[in-house]
Amino acid sequence: MTQAPASDQLALHGGPKTVTRTFPWPIYDETEVEAVAEIIRGGKWGNPDCSDLVEVFEQEFAAYCGTKYAVSCVNGSVSLRLALMACGVRPGDEVIVPPYTFIATASTVIEANCVPVFVDIDPDTYNLDPRAIEAAITERTRVIIPVHFAGQACDMDAILAIARRHKLRVIEDAAHAHGAEYRGRKLGSIGDAGSFSFQSSKNLTSGEGGIVVTNDEAIYQLVRSLRNVGRVEGGQWYDHYNPGCNYRLTPVQAVLLSHQLRRLDGQTRLRDENGQYLNELLSRIDGIRPMPRGLGETRHCYHLYLFRYDPAAFGGLSKVDFVERLAAEGVPCFRGYPHPLYKQPLFQNRNFMCYAIPETVDYTNVCCPVAERACGEEGVWILQHALLGTRADMEAFAAAIEKIQRLVRV
Ligand SMILES: Cc1ncc(COP(=O)(O)O)c(C=O)c1O
């Protein structure tokens, strides 16, 4: 075996890193610092003293998404659950979800006393595969939750057509999809309701937070009530009509989000351009297959840049070892979810605690082959903040992959 020169060693083995800069996130300046400081100095730190700032952000976000209403809350898990409850689900109702997503997409279904039904993903998008949805529909199915994974739009035309045929509600899990578009419409604004997360890794963040957007007045009123301990508009402070809780956003989070929202479009444009450029660069590398574009997404926001990895083109190097080497080269990347959600102990052990999941529900025999492949040797993520770099940075990411390939093949 030929020994590579020291300057051509992998960074993992002591060679020079291919990417030497870092990629900051979140991005802010004195505007955010001053806006937060003003609230602190004013001494009105919580609701209801300062709820006007929360309402301002809600109106801004609704206008941004093109919906009539938006209701903020503590995080993007609670926003999903409140949206489900507001859609009128009942104990034991079935909700179709993809298995390649964060646990909240399915665990909030359990928390709404409903049954998650896992439907496999499309190999070209890692989004819910509409061709597999219809076979999973039963007389108990009430809702479909498409996740716009990584910020790429699901096939909403097909999903909405199925929902209309079977009289189902559609809640878009848009936790990854701030600012992304499908046929010119903002993701989250297309189904009955859309749910977003503002957790710290997300493309729009206040550290934690979530929001439901909708055009449906009844969903809006119910989510507002559930987020505010069951109070209703026009009711008294100590009158409670619904089984809600205190899930309110704080004014500090709201002003941060208002300022961050002004940065979102510019950042999304840049990520979209860099994502398309990376597609061009990576599709030239043997064993790397970027996700195709042109499937209805008019704007991808690349919360994650996904690509498919083939160990055979890298001398049999496992995905985990490849990602370790790529990260050492300075590319912000991750192997993704280790298992499809149904393999989580929560589902395998039926650890549903007080939730009313029928005894007949058994996840030990669920198998979604595309999701298993994505979690196994195939799916690799580059993280959103890295897509805020320059074209030269994208070239360096491609060079890092080529370097690994060259050296493992030596
Ligand atoms: C697809 C998806 N849905 C929902 C959530 C839940 O959001 P949060 O962490 O704000 O509760 C996340 C968070 O990572 C997510 O990735």
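A. Examining the side chain of E58 more closely. Position of E58 among the secondary structure elements: in helix α2 (residues 51-65). Judged by relative accessible area, E58 falls into the buried class, the value being 5%.

B. Region of the structure containing the site of the ligand. If you check the shell around the ligand, you find 15 residues, and the closest are G76, S77, D173, S197 and K202. Measuring from an oxygen atom of the ligand, one finds a side-chain N or O atom of H176 at 2.8 Å. One of the side-chain N or O atoms of S197 is found 2.7 Å from an oxygen atom in the ligand. When the ligand sits alone it has 390 Å² of accessible area, and the protein chains cover 91% of it. Counting only elements with at least two residues in the shell around the ligand, the list comes to α3 (76-86) and α4 (104-111). The residue inventory of the shell around the ligand, partitioned by class, reads four nonpolar, nine polar and two charged.

C. Geometry of the pattern of salt bridges. Tallied over the entire structure, the rule returns 29 salt bridges. Close ionic contact of R263 with D29 constitutes a salt bridge, the shortest N to O distance being 3.1 Å. Residue R263 is located in helix α8 (residues 251-282), and its partner D29 is located in the segment before α1 (30-42); the two are separated by 234 residues in the primary sequence. Of the charged contacts in the structure, one is a salt bridge between R41 and E34, with a shortest N-O distance of 3.1 Å. Accessibility expressed as a relative area gives 59% for R41, which makes it exposed. Residues joined in a network through salt bridges with shared partners are D29, E32 and R263.

Thresholds applied
Residues numbered from 1 in each chain as written. Predicted model: local features only at pLDDT ≥ 70, side-chain atom pairs only at ≥ 80, totals over all residues. Heavy atoms only, no water. Helix = DSSP H or I, 4+ residues; strand = E, 2+ residues; numbered from the N terminus. Buried < 20%, exposed > 50% of the residue type's maximum accessible area, 1.4 Å probe, protein only. Near = heavy atom within 4 Å. Polar contact = N/O pair within 3.5 Å; in protein donor to acceptor, adjacent residues only side chain to side chain. Areas by Shrake-Rupley, 256 points an atom, 1.4 Å probe, with all protein chains shown as cover. Nonpolar A, V, L, I, M, F, W, Y, C, P; charged D, E, K, R; others polar. Salt bridge = Lys/Arg side-chain N within 4 Å of Asp/Glu carboxyl O.

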